[in-house]
Amino acid sequence: MRIPAPIAYIVFYVALYAAFGAASPFWPQFFETRTLASQQIGLILAAGMLTRLVFGPLVAMLADRLGSLRLVLAGCAAMAAAAAVALLWANKFWFLLLVALVQAAALAPTTSIADALSVNTARPRFAGTPFEYGWIRGTASAAFVVGTLIAGQLVSPADLTPVIWMNAAFLIAAAGATALLPGQARSQGSPSFVVSETKALISVSQFRIMIIASALIYGSHAVHDAFAVIRWSDADISTSAISFLWSEAVVAEVLVFMLAGPALLTRFGVRGAAILAAVAGIVRWSIAGVTTSVLLLSLIQPLHGVTFALLHLACMRMMGTLVAASVAATAQSLYAFGSGVLTAVLTFLSGELYASYGGAAFFPMAALCVLALPFAWFGFANGRG
């Protein structure tokens, strides 16, 4: 007997995001144990980011053409696991770079394809079936944190191989968990049909505007993600307080995904949720730019649940109504591509901004959220969903 769809997706997302959490925070330190210079580590990480931006849309479009998202998802997870294990024998820079790029290419489409499957399965929610995408995504965020905590207890500065084994084991579990996911009707269209459907999707103004609005708000996190801890440390905030502030954001993300977010979407609709995310970003970054008070920071850190989680839920709700199932993975990858490109550019620029202006570097991030407001109004206009 097949297990219920929400449980199947929870199992898959937990395995996938635990794999991310167990490894991603530790990759730079792992490469350092391979006696790589800082410049070489930076090159591997930057090349991996570019590889994900390229291969995410390409593999997702291939999955749509094949009409077999589960198979492609399983293959990508298995290939990423194999690449992780290969790192055990990689000691030279060029070999490490090659293996890291293979894993980046394999992992690039996994979240987009997973979201395409889960959003399509949750689509009956609009008719009253009790299945919220937010429940699934919330458990994923929690699994990421748990994976990081477990890995942190197992590794030592001299030995980070547990990271590899955890990453590979969770990815293999994710590949196997795809068999539990609900069956997908195989696309009967030809490749040219999928291409025409993709062109039709891109021609939808709401879809394009949604990508712009989400990219602006997600991208506004760049200075925070890159320099918040440095700014707080320079202000003599203790490491325990910094840990608390960072944890606040993660807890808020999980709570919004699983509890508050669906209720807010029902109350305000996707347009209201997107506007709320932009306004929360304006408030969050404006305050972050003028203070390092732990009290004030503790009050704005939970806004991460709005600037990220609520906006993501609104975008997924939009996807469920705008996007045809035949191009669901492609649509998800374009959504991820838009925010990924802008975030990469803004992360690069944030170094110069922070070096020149210090905390005032947060103000341009608030300005991005102001710019996102009209896009949120006109792009997220399909009512309460």
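Rules of the game
Residues numbered from 1 in each chain as written. Predicted model: local features only at pLDDT ≥ 70, side-chain atom pairs only at ≥ 80, totals over all residues. Heavy atoms only, no water. UniProt positions renumbered as here; feature names shortened; annotations may be inferred. Helix = DSSP H or I, 4+ residues; strand = E, 2+ residues; numbered from the N terminus. pLDDT = per-residue confidence, 0-100. Contact = heavy atoms within 4.5 Å. Phe/Tyr/Trp six-rings, centres within 6.5 Å; stacked < 30°, edge-to-face > 60°. Buried < 20%, exposed > 50% of the residue type's maximum accessible area, 1.4 Å probe, protein only. Lys NZ or Arg CZ within 6 Å of the ring centre and 35° of its normal. Salt bridge = Lys/Arg side-chain N within 4 Å of Asp/Glu carboxyl O.

An unreviewed UniProt entry lists the protein under the name MFS transporter, PPP family, 3-phenylpropionic acid transporter, from Bradyrhizobium shewense. Taken directly from UniProt, the Subcellular location (unreviewed entry) text for the protein runs: "Cell inner membrane".

Peer 1: Talk me through the environment of Phe378; I want residue IDs and the actual numbers.
Peer 2: Topologically, Phe378 is positioned in helix 16 (residues 362–379). Distance from Phe378 to Leu322, taken between C-alpha atoms, is 14 Å for residues 56 residues apart in sequence.

Peer 1: I'd like a description of the confidence of the model for the protein, backed by residues and values.
Peer 2: Per-residue confidence for the protein gives a mean pLDDT of 88; residues scoring 70 or more make up 93%. Low confidence marks residues 124–129, where pLDDT is under 50. Its contacts with residues over four positions away, or in another chain, come to 8 contacts.

Peer 1: Before we move on, can you summarise the packing of aromatic side chains with the specific residues and values?
Peer 2: Both the distance between ring centres and the angle between the ring planes are used here to describe each pair of aromatic rings. Under the counting rule described, the total for this entry stands at 13 aromatic pairs. Between Tyr218 and Phe308, the ring centres sit 5.7 Å apart and the planes meet at 55°, which makes this aromatic pair tilted. Of the two residues, Tyr218 sits in helix 10 (residues 205–219) while Phe308 sits in helix 14 (residues 304–322), which places them 90 residues apart along the sequence. With centroids separated by 6.1 Å and ring planes inclined at 75°, the aromatic side chains of Tyr218 and Tyr335 adopt a geometry described as edge-to-face. You can see Tyr218 sitting in helix 10 and its partner Tyr335 sitting in helix 15 (residues 328–357), a full 117 residues away along the chain. Here Tyr218 falls in the buried class, since its relative accessible area comes to 11%. Members of the aromatic cluster, each reached through a chain of ring pairs, are Phe12, Tyr13, Tyr17 and Phe20. We note Arg267 situated over the ring of Phe268; from NZ or CZ to the ring centre the distance is 5.1 Å.

Peer 1: Mind laying out the pattern of salt bridges, listing which residues take part and the relevant values?
Peer 2: Across all of its chains, the model carries 1 salt bridge by this definition. A salt bridge links Glu132 to Arg317; its shortest N-O distance comes to 3.8 Å. Of this pair, Glu132 sits in the loop between helix 6 (110–122) and helix 7 (133–154) while Arg317 sits in helix 14, and the two are 185 residues apart along the sequence.

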